[in-house]
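Here's the letter readout for the chains.
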There are 2 protein chains.
Amino acid sequence: MKGAEMDVIEQVKAQGERVTLPRRLVIEALGQAHDHLTISALQRHIQAEHPDQPMSDTTIYRVLQWLKAIGLVSQTDMGQAGTVYALIDRPQHHHLICLNCGGTITIDDAVFEALRATLSAQYHFMPRIDHMAIYGTCERCADGDNS
Amino acid sequence: MKGAEMDVIEQVKAQGERVTLPRRLVIEALGQAHDHLTISALQRHIQAEHPDQPMSDTTIYRVLQWLKAIGLVSQTDMGQAGTVYALIDRPQHHHLICLNCGGTITIDDAVFEALRATLSAQYHFMPRIDHMAIYGTCERCADGDNS
DNA sequence: ATGTTTGCAAATCCTTTGCATCAGC
DNA sequence: GCTGATGCAAAGGATTTGCAAACAT
(Lines give C-alpha, C1' and ligand atoms only; values in the text may rest on other atoms or scores of the structure.)
Protein backbone atom coordinates (compact mmCIF):
# COMPACT_ATOMS: atom_id res chain seq x y z
CA MET A 1 0.00 0.00 0.00
CA LYS A 2 1.81 3.05 -1.23
CA GLY A 3 -0.77 5.67 -0.54
CA ALA A 4 1.11 7.66 2.03
CA GLU A 5 4.12 8.65 0.01
CA MET A 6 2.07 9.46 -3.07
CA ASP A 7 0.02 11.88 -1.06
CA VAL A 8 3.13 13.47 0.30
CA ILE A 9 4.61 13.90 -3.14
CA GLU A 10 1.42 15.51 -4.32
CA GLN A 11 1.48 17.88 -1.40
CA VAL A 12 5.04 18.78 -2.15
CA LYS A 13 4.32 19.52 -5.77
CA ALA A 14 1.25 21.50 -4.83
CA GLN A 15 3.48 23.70 -2.70
CA GLY A 16 5.61 24.40 -5.74
CA GLU A 17 8.58 22.50 -4.36
CA ARG A 18 10.84 20.49 -6.59
CA VAL A 19 10.62 16.75 -6.54
CA THR A 20 13.98 15.15 -7.11
CA LEU A 21 15.00 11.54 -6.97
CA PRO A 22 16.70 11.73 -3.57
CA ARG A 23 13.68 13.48 -2.15
CA ARG A 24 11.42 10.88 -3.65
CA LEU A 25 13.46 8.09 -2.11
CA VAL A 26 13.49 9.61 1.33
CA ILE A 27 9.75 10.12 1.23
CA GLU A 28 9.25 6.59 -0.03
CA ALA A 29 11.36 5.14 2.75
CA LEU A 30 9.53 7.13 5.39
CA GLY A 31 6.22 6.12 3.88
CA GLN A 32 7.06 2.44 3.95
CA ALA A 33 8.45 2.43 7.45
CA HIS A 34 6.00 1.35 10.07
CA ASP A 35 8.10 3.12 12.59
CA HIS A 36 10.04 6.26 13.19
CA LEU A 37 13.48 6.08 11.65
CA THR A 38 16.90 7.30 12.58
CA ILE A 39 19.09 8.83 9.91
CA SER A 40 21.14 5.68 9.63
CA ALA A 41 18.12 3.39 9.50
CA LEU A 42 16.75 5.56 6.75
CA GLN A 43 20.00 5.33 4.89
CA ARG A 44 20.09 1.55 5.23
CA HIS A 45 16.52 1.25 4.06
CA ILE A 46 17.19 3.31 0.96
CA GLN A 47 20.38 1.40 0.19
CA ALA A 48 18.50 -1.86 0.46
CA GLU A 49 15.74 -0.77 -1.87
CA HIS A 50 17.92 1.07 -4.35
CA PRO A 51 21.44 -0.33 -4.18
CA ASP A 52 22.46 1.55 -7.30
CA GLN A 53 21.31 4.96 -6.14
CA PRO A 54 23.82 6.25 -3.61
CA MET A 55 22.68 8.89 -1.17
CA SER A 56 25.09 10.97 0.80
CA ASP A 57 24.44 11.68 4.47
CA THR A 58 24.42 15.32 3.62
CA THR A 59 21.51 14.91 1.28
CA ILE A 60 19.49 12.95 3.76
CA TYR A 61 20.05 15.61 6.36
CA ARG A 62 19.09 18.32 3.93
CA VAL A 63 16.00 16.55 2.68
CA LEU A 64 14.78 15.85 6.19
CA GLN A 65 15.40 19.36 7.28
CA TRP A 66 13.44 20.58 4.28
CA LEU A 67 10.54 18.18 4.91
CA LYS A 68 10.45 19.28 8.49
CA ALA A 69 10.43 22.94 7.47
CA ILE A 70 7.46 22.45 5.18
CA GLY A 71 5.67 20.56 7.92
CA LEU A 72 5.61 17.07 6.46
CA VAL A 73 7.86 15.20 8.86
CA SER A 74 8.34 15.18 12.60
CA GLN A 75 11.67 15.03 14.35
CA THR A 76 11.93 13.58 17.84
CA ASP A 77 14.80 13.21 20.22
CA MET A 78 14.46 9.71 21.64
CA GLY A 79 17.34 10.16 24.06
CA GLN A 80 19.75 7.28 24.06
CA ALA A 81 18.07 5.89 20.95
CA GLY A 82 18.96 8.98 18.96
CA THR A 83 16.88 11.28 16.82
CA VAL A 84 14.07 9.85 14.73
CA TYR A 85 11.99 11.11 11.84
CA ALA A 86 8.57 10.17 10.48
CA LEU A 87 5.98 11.37 8.02
CA ILE A 88 3.15 13.34 9.54
CA ASP A 89 0.14 11.86 7.91
CA ARG A 90 -0.94 8.47 9.06
CA PRO A 91 -2.84 8.19 12.32
CA GLN A 92 -0.34 9.61 14.73
CA HIS A 93 1.12 7.65 17.55
CA HIS A 94 3.59 8.43 20.28
CA HIS A 95 5.98 6.66 22.58
CA LEU A 96 6.41 6.07 26.27
CA ILE A 97 10.00 5.24 27.10
CA CYS A 98 10.95 3.46 30.30
CA LEU A 99 13.93 5.03 32.01
CA ASN A 100 14.73 1.77 33.71
CA CYS A 101 14.50 -0.97 31.10
CA GLY A 102 14.57 1.22 28.01
CA GLY A 103 11.45 -0.40 26.62
CA THR A 104 8.99 1.63 24.58
CA ILE A 105 5.21 1.57 24.58
CA THR A 106 3.21 2.93 21.66
CA ILE A 107 0.28 5.10 22.59
CA ASP A 108 -2.57 6.58 20.70
CA ASP A 109 -2.73 10.16 19.58
CA ALA A 110 -6.10 10.63 21.24
CA VAL A 111 -4.29 10.91 24.55
CA PHE A 112 -3.13 14.36 23.53
CA GLU A 113 -6.44 15.81 22.43
CA ALA A 114 -7.19 17.31 25.81
CA LEU A 115 -3.73 18.83 26.00
CA ARG A 116 -4.11 20.39 22.56
CA ALA A 117 -7.42 21.88 23.56
CA THR A 118 -6.00 23.32 26.76
CA LEU A 119 -2.99 24.90 25.13
CA SER A 120 -5.13 26.40 22.45
CA ALA A 121 -7.72 27.77 24.81
CA GLN A 122 -5.49 28.89 27.63
CA TYR A 123 -2.40 30.08 25.81
CA HIS A 124 -3.68 30.75 22.30
CA PHE A 125 -0.93 28.49 21.07
CA MET A 126 -1.45 26.05 18.23
CA PRO A 127 0.64 23.07 19.26
CA ARG A 128 2.01 20.72 16.67
CA ILE A 129 2.26 17.54 18.67
CA ASP A 130 3.42 15.32 15.86
CA HIS A 131 5.41 12.86 17.83
CA MET A 132 5.96 12.89 21.54
CA ALA A 133 8.42 10.86 23.57
CA ILE A 134 7.54 10.70 27.24
CA TYR A 135 9.90 9.21 29.77
CA GLY A 136 8.98 7.42 32.96
CA THR A 137 8.65 3.98 34.49
CA CYS A 138 6.76 1.11 32.93
CA GLU A 139 4.51 -1.19 34.89
CA ARG A 140 6.90 -4.10 34.99
CA CYS A 141 9.78 -2.02 36.29
CA ALA A 142 7.56 -0.37 38.86
CA ASP A 143 6.57 -3.78 40.21
CA GLY A 144 9.60 -5.97 39.80
CA ASP A 145 11.63 -3.12 41.16
CA ASN A 146 14.78 -1.95 39.52
CA SER A 147 18.42 -2.55 38.93
CA MET B 1 16.81 32.56 48.90
CA LYS B 2 19.09 29.60 48.69
CA GLY B 3 16.72 26.93 49.83
CA ALA B 4 16.60 24.91 46.69
CA GLU B 5 20.24 23.98 46.40
CA MET B 6 20.57 23.24 50.09
CA ASP B 7 17.75 20.78 49.85
CA VAL B 8 19.34 19.14 46.88
CA ILE B 9 22.66 18.79 48.63
CA GLU B 10 20.92 17.20 51.59
CA GLN B 11 19.18 14.77 49.32
CA VAL B 12 22.44 13.88 47.68
CA LYS B 13 24.17 13.23 50.97
CA ALA B 14 21.24 11.19 52.17
CA GLN B 15 21.67 8.97 49.17
CA GLY B 16 25.25 8.31 50.19
CA GLU B 17 26.67 10.23 47.23
CA ARG B 18 29.82 12.27 47.48
CA VAL B 19 29.51 16.01 47.58
CA THR B 20 32.49 17.61 45.89
CA LEU B 21 33.16 21.22 45.08
CA PRO B 22 32.34 20.96 41.38
CA ARG B 23 29.10 19.20 42.17
CA ARG B 24 28.24 21.83 44.71
CA LEU B 25 28.84 24.59 42.19
CA VAL B 26 26.73 23.00 39.51
CA ILE B 27 23.87 22.49 41.93
CA GLU B 28 24.24 26.04 43.17
CA ALA B 29 24.12 27.44 39.65
CA LEU B 30 21.07 25.40 38.76
CA GLY B 31 19.41 26.44 42.00
CA GLN B 32 19.98 30.11 41.35
CA ALA B 33 18.89 30.05 37.75
CA HIS B 34 15.34 31.12 37.20
CA ASP B 35 15.43 29.29 33.94
CA HIS B 36 16.59 26.14 32.31
CA LEU B 37 20.24 26.33 31.39
CA THR B 38 22.33 25.08 28.52
CA ILE B 39 25.73 23.62 29.27
CA SER B 40 27.47 26.77 28.15
CA ALA B 41 25.16 29.05 30.10
CA LEU B 42 25.83 26.94 33.15
CA GLN B 43 29.54 27.22 32.56
CA ARG B 44 29.35 30.98 32.18
CA HIS B 45 27.28 31.29 35.32
CA ILE B 46 29.77 29.32 37.35
CA GLN B 47 32.72 31.23 35.92
CA ALA B 48 31.05 34.50 36.83
CA GLU B 49 30.37 33.46 40.40
CA HIS B 50 33.65 31.67 41.00
CA PRO B 51 36.29 33.07 38.64
CA ASP B 52 39.04 31.25 40.47
CA GLN B 53 37.46 27.81 40.36
CA PRO B 54 37.85 26.46 36.86
CA MET B 55 35.47 23.76 35.73
CA SER B 56 36.15 21.64 32.74
CA ASP B 57 33.36 20.87 30.28
CA THR B 58 33.92 17.25 31.03
CA THR B 59 33.10 17.71 34.65
CA ILE B 60 29.94 19.63 33.93
CA TYR B 61 28.78 16.92 31.59
CA ARG B 62 29.59 14.27 34.14
CA VAL B 63 27.93 16.05 37.01
CA LEU B 64 24.78 16.67 35.01
CA GLN B 65 24.63 13.13 33.83
CA TRP B 66 24.97 12.00 37.40
CA LEU B 67 22.28 14.36 38.68
CA LYS B 68 20.00 13.18 35.95
CA ALA B 69 20.66 9.56 36.82
CA ILE B 70 19.74 10.10 40.45
CA GLY B 71 16.61 11.93 39.38
CA LEU B 72 17.43 15.45 40.50
CA VAL B 73 17.67 17.27 37.20
CA SER B 74 15.72 17.21 33.98
CA GLN B 75 17.24 17.33 30.53
CA THR B 76 15.25 18.71 27.61
CA ASP B 77 16.00 19.02 23.95
CA MET B 78 14.85 22.49 22.99
CA GLY B 79 15.58 22.00 19.32
CA GLN B 80 17.44 24.90 17.78
CA ALA B 81 18.06 26.32 21.24
CA GLY B 82 20.01 23.26 22.30
CA THR B 83 19.74 21.01 25.31
CA VAL B 84 18.83 22.48 28.66
CA TYR B 85 19.00 21.29 32.25
CA ALA B 86 17.17 22.25 35.41
CA LEU B 87 16.68 21.10 38.97
CA ILE B 88 13.52 19.13 39.56
CA ASP B 89 12.15 20.65 42.69
CA ARG B 90 10.53 24.00 42.39
CA PRO B 91 7.04 24.22 40.99
CA GLN B 92 7.55 22.79 37.55
CA HIS B 93 6.97 24.74 34.40
CA HIS B 94 7.25 23.94 30.74
CA HIS B 95 7.75 25.69 27.44
CA LEU B 96 5.86 26.30 24.26
CA ILE B 97 8.19 27.09 21.39
CA CYS B 98 7.03 28.88 18.28
CA LEU B 99 8.31 27.28 15.11
CA ASN B 100 7.96 30.54 13.27
CA CYS B 101 9.42 33.25 15.48
CA GLY B 102 11.31 31.02 17.88
CA GLY B 103 9.74 32.70 20.89
CA THR B 104 9.00 30.69 24.00
CA ILE B 105 6.01 30.80 26.32
CA THR B 106 6.19 29.46 29.85
CA ILE B 107 3.27 27.33 30.92
CA ASP B 108 2.13 25.89 34.16
CA ASP B 109 2.65 22.29 35.16
CA ALA B 110 -1.03 21.87 35.89
CA VAL B 111 -1.63 21.57 32.18
CA PHE B 112 -0.12 18.11 32.29
CA GLU B 113 -2.08 16.71 35.19
CA ALA B 114 -4.76 15.21 32.98
CA LEU B 115 -2.16 13.66 30.73
CA ARG B 116 -0.38 12.10 33.67
CA ALA B 117 -3.61 10.62 34.91
CA THR B 118 -4.48 9.19 31.52
CA LEU B 119 -1.09 7.59 30.97
CA SER B 120 -1.17 6.09 34.41
CA ALA B 121 -4.70 4.76 34.13
CA GLN B 122 -4.66 3.62 30.53
CA TYR B 123 -1.10 2.40 30.10
CA HIS B 124 0.02 1.73 33.66
CA PHE B 125 2.97 3.95 32.94
CA MET B 126 4.34 6.38 35.50
CA PRO B 127 5.40 9.35 33.41
CA ARG B 128 8.10 11.68 34.61
CA ILE B 129 7.12 14.88 32.89
CA ASP B 130 9.77 17.09 34.40
CA HIS B 131 10.14 19.52 31.59
CA MET B 132 8.30 19.46 28.31
CA ALA B 133 9.01 21.47 25.19
CA ILE B 134 6.09 21.66 22.82
CA TYR B 135 6.42 23.13 19.36
CA GLY B 136 3.78 24.96 17.40
CA THR B 137 2.63 28.41 16.38
CA CYS B 138 2.13 31.30 18.74
CA GLU B 139 -0.81 33.63 18.57
CA ARG B 140 1.08 36.50 17.05
CA CYS B 141 2.54 34.39 14.25
CA ALA B 142 -0.82 32.79 13.56
CA ASP B 143 -2.35 36.24 13.09
CA GLY B 144 0.32 38.43 11.60
CA ASP B 145 1.21 35.55 9.32
CA ASN B 146 4.73 34.49 8.77
CA SER B 147 8.04 35.19 7.13
C1' DA C 1 18.16 28.53 -19.52
C1' DT C 2 17.95 29.31 -14.77
C1' DG C 3 17.91 28.62 -10.25
C1' DT C 4 18.08 24.49 -7.01
C1' DT C 5 19.73 20.55 -5.35
C1' DT C 6 23.35 17.22 -4.94
C1' DG C 7 27.81 15.16 -3.61
C1' DC C 8 32.18 15.31 -1.78
C1' DA C 9 35.33 16.78 1.62
C1' DA C 10 36.36 19.36 5.33
C1' DA C 11 34.91 22.04 9.16
C1' DT C 12 32.31 22.51 13.38
C1' DC C 13 29.91 21.39 17.37
C1' DC C 14 28.62 18.59 21.15
C1' DT C 15 29.62 14.81 24.03
C1' DT C 16 32.34 10.94 25.72
C1' DT C 17 36.60 8.40 27.10
C1' DG C 18 41.55 7.11 28.80
C1' DC C 19 44.49 7.88 32.16
C1' DA C 20 47.17 10.07 35.80
C1' DT C 21 46.27 13.01 39.71
C1' DC C 22 43.61 14.74 43.49
C1' DA C 23 39.88 14.89 47.02
C1' DG C 24 35.96 13.13 50.02
C1' DC C 25 34.62 10.05 53.40
C1' DG D 1 43.88 4.74 52.87
C1' DC D 2 40.67 3.50 49.63
C1' DT D 3 37.39 4.64 46.29
C1' DG D 4 35.66 7.47 43.34
C1' DA D 5 35.84 12.34 41.08
C1' DT D 6 38.44 15.57 38.35
C1' DG D 7 41.19 17.58 34.52
C1' DC D 8 43.43 17.39 30.38
C1' DA D 9 43.82 16.00 25.86
C1' DA D 10 42.27 13.31 22.42
C1' DA D 11 38.70 10.44 20.32
C1' DG D 12 34.11 9.97 18.63
C1' DG D 13 29.79 10.99 16.51
C1' DA D 14 26.45 13.76 14.55
C1' DT D 15 25.35 17.67 11.83
C1' DT D 16 26.59 21.64 8.86
C1' DT D 17 28.93 24.21 5.15
C1' DG D 18 31.66 25.63 0.72
C1' DC D 19 31.88 24.91 -3.84
C1' DA D 20 31.62 22.75 -8.43
C1' DA D 21 28.78 19.64 -11.12
C1' DA D 22 24.13 17.71 -12.18
C1' DC D 23 19.21 18.26 -12.38
C1' DA D 24 14.09 19.80 -12.37
C1' DT D 25 11.12 22.91 -14.13
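Here the structure is shown first, and the text comes after it.
Definitions and cut-offs
- Per chain, the residues get numbers from 1 upward, laid out in the order the sequence is written.
- Chain labels run from A onward and ligand labels from 1 onward, assigned in the order the entries are written.
- The predicted origin of the model limits local features to residues at a pLDDT of at least 70 and limits the giving and counting of side-chain atom pairs to 80 or more, whereas totals for whole chains, interfaces and linings rest on all residues.
- Values reported for side chains reflect all heavy atoms of the structure, with hydrogen atoms and water molecules removed beforehand.
- Here, nonpolar core refers to any group of buried Ala, Val, Leu, Ile, Met, Phe, Trp, Tyr and Cys residues whose side-chain atoms link them within 4.5 Å.
- Any residue under 20% of the maximum accessible area for its type is buried, any over 50% is exposed, and the rest in between are partly exposed; the area is computed with a 1.4 Å probe on protein chains only.
- What counts as a helix is a DSSP run of H or I of at least four residues, what counts as a strand is a run of E of at least two, and both are numbered from the N terminus.
- Contacts between residues were defined by any pair of non-hydrogen atoms, one from each residue, lying within 4.5 Å.
- Only Phe, Tyr and Trp rings are paired, with Trp represented by its six-membered ring, and only when their centres lie within 6.5 Å; those with planes under 30 degrees apart are stacked, over 60 edge-to-face, the remainder tilted.
- Sitting over a ring, as applied to charges here, requires NZ of Lys or CZ of Arg to be within 6 Å of the ring centre and within 35 degrees of the ring normal.
- Once two parts are brought into contact, the accessible area they lose, counted with a 1.4 Å probe and summed over both, makes up the buried area.
- When a carboxyl oxygen of Asp or Glu is within 4 Å of a side-chain nitrogen of Lys or Arg, the pair counts as a salt bridge.
- Pairs of N or O atoms are called polar contacts if they sit within 3.5 Å, as long as, within protein, a hydrogen donor faces a hydrogen acceptor (for residues adjacent in sequence, only side-chain-to-side-chain pairs).
- Only residues with pLDDT of at least 70 in both copies contribute their C-alpha atoms to the least-squares superposition of the copies.
- Any residue with at least one heavy atom within 4 Å of a molecule or strand is counted as near it.
- Two strands qualify as a pair provided DSSP detects at least 2 bridges between them.
- Within this analysis, the arc is defined by the directions that extend from the helix axis to the C-beta atoms.
- For this scheme, ten residues count as nonpolar: Ala, Val, Leu, Ile, Met, Phe, Trp, Tyr, Cys and Pro. Four count as charged, namely Asp, Glu, Lys and Arg, and the remainder, Gly too, count as polar.

Asker: Could you clarify how one ought to interpret the nonpolar core in this entry?
Answerer: Note on soluble globular proteins: their nonpolar side chains tend to be buried together. Membership of the largest hydrophobic core comes to 28 residues, with the highest contact counts inside it found for A:Phe112, A:Leu115, B:Phe112 and B:Leu115. When contributions to this core are tallied by element, the ones reaching two or more residues are strand S4 (93-98) and helix H5 (113-123) of chain A together with strand S4 (93-98) and helix H5 (113-123) of chain B. Once you skip the residues sitting within four places of it in the chain, A:Leu115 turns out to touch A:Ile129, B:Val111, B:Phe112, B:Leu115 and B:Ile134. Listed in part, the 25 residues of the second largest apolar core include A:Ile9, A:Ile27, A:Ala29 and A:Leu42.

Asker: Is there a simple way to explain the packing of aromatic side chains in this structure?
Answerer: How two aromatic rings sit relative to each other is given by the distance of their centres and the angle of their planes. Applying the stated rule across the entire model yields zero aromatic pairs over all chains. Here the basic side chain of B:Arg23 rests over the ring of B:Trp66, its NZ or CZ set 3.7 Å away from the ring centre.

Asker: Explain the interface of chain A and chain B to me, please; I cannot follow it from the model alone.
Answerer: Interfaces are often sized by the accessible area lost when the parts come together. Listed by partner, the interface residues are 29 residues for chain A and 29 residues for chain B. Contact between chain A and chain B buries roughly 2,300 Å² in total, counting both sides, with carbon and sulfur atoms accounting for 75%. Sorting the residues of chain A by area buried against chain B places A:Val111, A:Tyr123 and A:Phe125 first, and these three jointly supply 26% of that buried surface. Put simply, chain A and chain B have zero salt bridges between them. Viewed at the interface, chain B and chain A are joined by eight residue pairs in polar contact (both at pLDDT 80 or more). Mapped by element, the contributors of at least two residues to the side of chain A that touches chain B are S4, strand S5 (104-108), H5, strand S6 (126-127) and strand S7 (133-137) of chain A.

Asker: Help me out: how do you make sense of the relation of the copies chain A and chain B in this one?
Answerer: One copy of the chain maps onto the other through a rotation about an axis followed by a shift along the same axis. You can overlay chain A on chain B at an RMSD of 0.2 Å; the transform is a turn of 179° with a shift of 0.0 Å along its axis. As the rotation angle and translation indicate, the two copies are arranged about a two-fold axis.

Asker: Is there a simple way to explain the protein's contact with DNA strand D in this structure?
Answerer: For DNA strand D, the set of nearby residues contains 18 residues, the closest of which are A:Tyr61, B:Arg18, B:Thr20, B:Thr59 and B:Arg62. Taken together, the sugar and phosphate atoms account for 59% of what DNA strand D places within 4 Å of the protein. In the model, a phosphate oxygen of DNA strand D is placed 3.4 Å from a nitrogen or oxygen of the A:Val19 main chain. One of the side-chain nitrogen or oxygen atoms of A:Tyr61 is found 2.3 Å away from a phosphate oxygen of DNA strand D. If you list the elements that add at least two residues to the surface near DNA strand D, you get helix H4 (57-69) of chain A together with helix H2 (21-32) and helix H4 (57-69) of chain B. With four residues, the single largest contributor to the surface near DNA strand D is H4(A).

Asker: What should I look at first to understand the pairing of strand S7 (residues 133-137) of chain B in this one?
Answerer: On a regular strand, one side chain projects to one face of the sheet and the next to the other, so that they alternate. Note that S6(A) and S7(B) share two bridges and pair antiparallel. Bridging from a neighbouring strand, A:Met126 pairs with B:Thr137 of S7(B). Here S4(B) runs beside S7(B); their pairing, made up of four bridges, is parallel. In the sheet register, B:His95 faces S7(B), and the bridge partner there is B:Ala133.

Asker: Would you mind going over the pattern of salt bridges with me for this structure?
Answerer: It is possible for side chains of opposite charge to pair when their charged atoms get near one another. Going through the model one piece at a time under the given rule, you end up with six salt bridges over all chains. Of the charged contacts in the structure, one is a salt bridge between A:Asp130 and A:Arg128, with a shortest N-O distance of 3.2 Å. Classification of A:Arg128 by relative accessible area gives partly exposed; the value is 35%. Where B:Arg116 meets B:Asp109, a salt bridge forms, and the shortest distance between an N and an O atom there is 3.0 Å. Members of the salt-bridge network, linked through shared partners, are A:Asp109, A:Glu113 and A:Arg116.

Asker: How should I be thinking about H5(A) in this particular structure?
Answerer: Residues lying three or four places apart along an α-helix face the same way, a consequence of the helix completing one turn every 3.6 residues. Those residues of H5(A) that fall on the buried side of the exposure criterion are A:Leu115, A:Arg116, A:Leu119 and A:Tyr123. Angularly, the buried residues of H5(A) cover 105° about the axis, an arc narrow enough to put them on a single face. Turned more than 90 degrees off the buried face of H5(A), the exposed positions are A:Ala121 and A:Gln122. Residues of H5(A) that are buried make contact with S6 of chain A together with S4, strand S5 (104-108), H5 and S7 of chain B.

Asker: Which parts of the structure should I look at to understand the protein's contact with DNA strand C?
Answerer: Inspection of the region around DNA strand C gives 18 residues, with A:Arg18, A:Thr20, A:Thr59, A:Arg62 and B:Tyr61 positioned closest. Take the atoms of DNA strand C that sit within 4 Å of the protein: sugar and phosphate atoms are 56% of them. Contact distances for DNA strand C include 3.5 Å between a base oxygen and a side-chain N or O atom of B:Thr58. If you list the elements that add at least two residues to the surface near DNA strand C, you get helix H2 (21-32) and H4 of chain A together with H4 of chain B. Of the residues in the surface near DNA strand C, the class split is five nonpolar, eight polar and five charged.

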